[in-house]
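Analysis of the macromolecular model
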Amino acid sequence: MNSIVAIVGRPNVGKSTLFNRLVQRREAIVDSVSGVTRDRHYGKSDWNGKEFSVIDTGGYIVGSDDIFEEEIRKQVNLAIDEADIIVFVVDVEEGITPMDAEVAKLLRKVKKPIFIAVNKVDNAMRDANAVEFYNLGLGDYHTISSINGSGTGDLLDALAEKMPAPEEVDLEKKELPRFAVVGRPNAGKSSFINALIGKDRNIVTNIAGTTRDSIDTKYNRFGFDFNLVDTAGIRKKSRVKEDLEFYSVMRAVRSIEYSDVIILVVDATRGFEGQDQNIFWLAEKNRKGIVILINKWDLIEKETNTMRDFEAMVRKQIEPFTDVPIVFISALTKQRLFKAIETAVEVFENRKNKIQTSKFNETMLEIVKNYPPPAIKGKYVKIKYCMQLPTQTPQFAFFCNLPQYVRDPYRRFVENKLREIYDFKGVPITIYFRQK
């Protein structure tokens, strides 16, 4: 499994800016106001060949220092408990504050790797001022400027050294596939699993957040054999106020990493909202098979094209990765439950799809010959050979003379052609252009 890196610290020291830089996307909203609401706080990153998840533990409620200290203590304790590596962000402009000292007091008891990131160091004078942070008693520090990226490479080098080497994957090893049932709180995840297995294995109430942990259930019916994982609902960080719920969300993130297929349960009565997209992209970043289930479809008033319009709306929201099966179900009335599981198994098989190299070359080289990459600066890219890489998820390499001139639109064109010809429905595809 990949490591989890938790970013901790008091409000307004630049945790979310660092988070955005590590995941290389502007995912967390950044503002100078302490405790600002942030949409997405789980991300995927990689450095020196090692992949890891990043969790930003910010987003505290606005209040007095005492309330802040209480919230920080809860969140840092939970991050310490679940994460593998802790990055403690402090602000060189303000120096060591009482809240920093409080966090450091907690971290000194921890046996996990801890890195101090002294943020906002963008000149030599501030670099000299950072010496003060030795007083925290946590050893060496790294000076960074998360706004412009200065020093983050050295920090990532140090983080990568503490992460285990990527495991060799035995593609022949037979293990029961794991299907993680994920979604927002109260979308009907536990009801879906109970309806599938025919017994009330998981507690179901109309109170969001009933499921606290990730629960494995073995499913062996109708010729299917796999593990179903019921996860706690993942909601926006601004609404993760209870410490137990924060812990549940972290466990759900781990479940996504450790599963083969992600079954994303969406509440049809609420539509496909921002947090549903966040969970979808988290699964896509982890290169998992994905099936979207629109639950509570029995509660929707229907007209002639209701289902078609709803599906079109969802596909618009998940562009450009739209080759994902969408099944409309009702866990309450057991409508299309078997179809949902059948689809998840198909996606799992698609994820293992292997294409013979000779046939792959025969098909794809003809396509790229007829539709070559557009010339850039008078340079013409010639693709001479292609193959599927021996990886756990579908990855393809196209060998050419000038890979640096292949742009994203052409990469998407090749992926679309791959999906037209071969069945990779519900499975993220990675395409590399490499020097021949």
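Residues numbered from 1 in each chain as written. Predicted model: local features only at pLDDT ≥ 70, side-chain atom pairs only at ≥ 80, totals over all residues. Heavy atoms only, no water.

Naming follows an unreviewed UniProt entry, where the protein appears as GTPase Der of Polaribacter marinus. Looking at the Sequence similarities (unreviewed entry) heading of the UniProt record, one finds this comment for the protein: "Belongs to the TRAFAC class TrmE-Era-EngA-EngB-Septin-like GTPase superfamily. EngA (Der) GTPase family." The record in UniProt for the protein states the following under Subunit (unreviewed entry): "Associates with the 50S ribosomal subunit." (UniProt positions renumbered as here; feature names shortened; annotations may be inferred.)

**Here's the deal with the sheet that holds strand 14 (residues 395-400)**
Taken in spatial order, the 3 strands of this open sheet run 13-14-15, and their pairing is mixed. With one partner strand each, in any of the chains shown, strand 13 (383-388) and strand 15 (430-435) form the two edges of the open sheet. Between one strand and the next, the sheet's axes are offset by a mean angle of 20 degrees, whatever the strand orientation. For strand 13 and strand 14, the ladder comprises 5 bridges, and the chain directions are antiparallel. Bridged to I383 within strand 14 is C400. Along the sheet face, helix 11 (residues 357-370) touches strand 13 and strand 14 and points at about 140 degrees away from the line of strand 13. (Pairing = 2+ DSSP bridges. Helix = DSSP H or I, 4+ residues; strand = E, 2+ residues; numbered from the N terminus. Axes fitted to C-alpha atoms, helices over the stretch in contact; angles between N-to-C directions. Contact = heavy atoms within 4.5 Å.)

**Here's the deal with the packing of helix 6 (residues 189-197) against helix 10 (residues 337-351)**
Where helix 6 contacts helix 10, the two axes come as close as 10 Å, and the packing angle between them is 95 degrees. Taken as axis vectors, helix 6 and helix 10 run roughly perpendicular relative to one another. Residues F192, A195 and L196 of helix 6 pack against L337, A340 and I341 of helix 10. (Parallel < 35°, antiparallel > 145°, perpendicular 65-115°, else oblique.)

**Examining helix 1 (residues 15-23)**
Since the α-helix packs 3.6 residues into each turn, any two residues three or four apart lie on the same face. Counting buried residues along helix 1, 8 of its 9 residues qualify, which places the element largely inside the surrounding structure. The set of residues buried in helix 1 consists of K15, S16, T17, L18, F19, N20, L22 and V23. (Buried < 20%, exposed > 50% of the residue type's maximum accessible area, 1.4 Å probe, protein only.)

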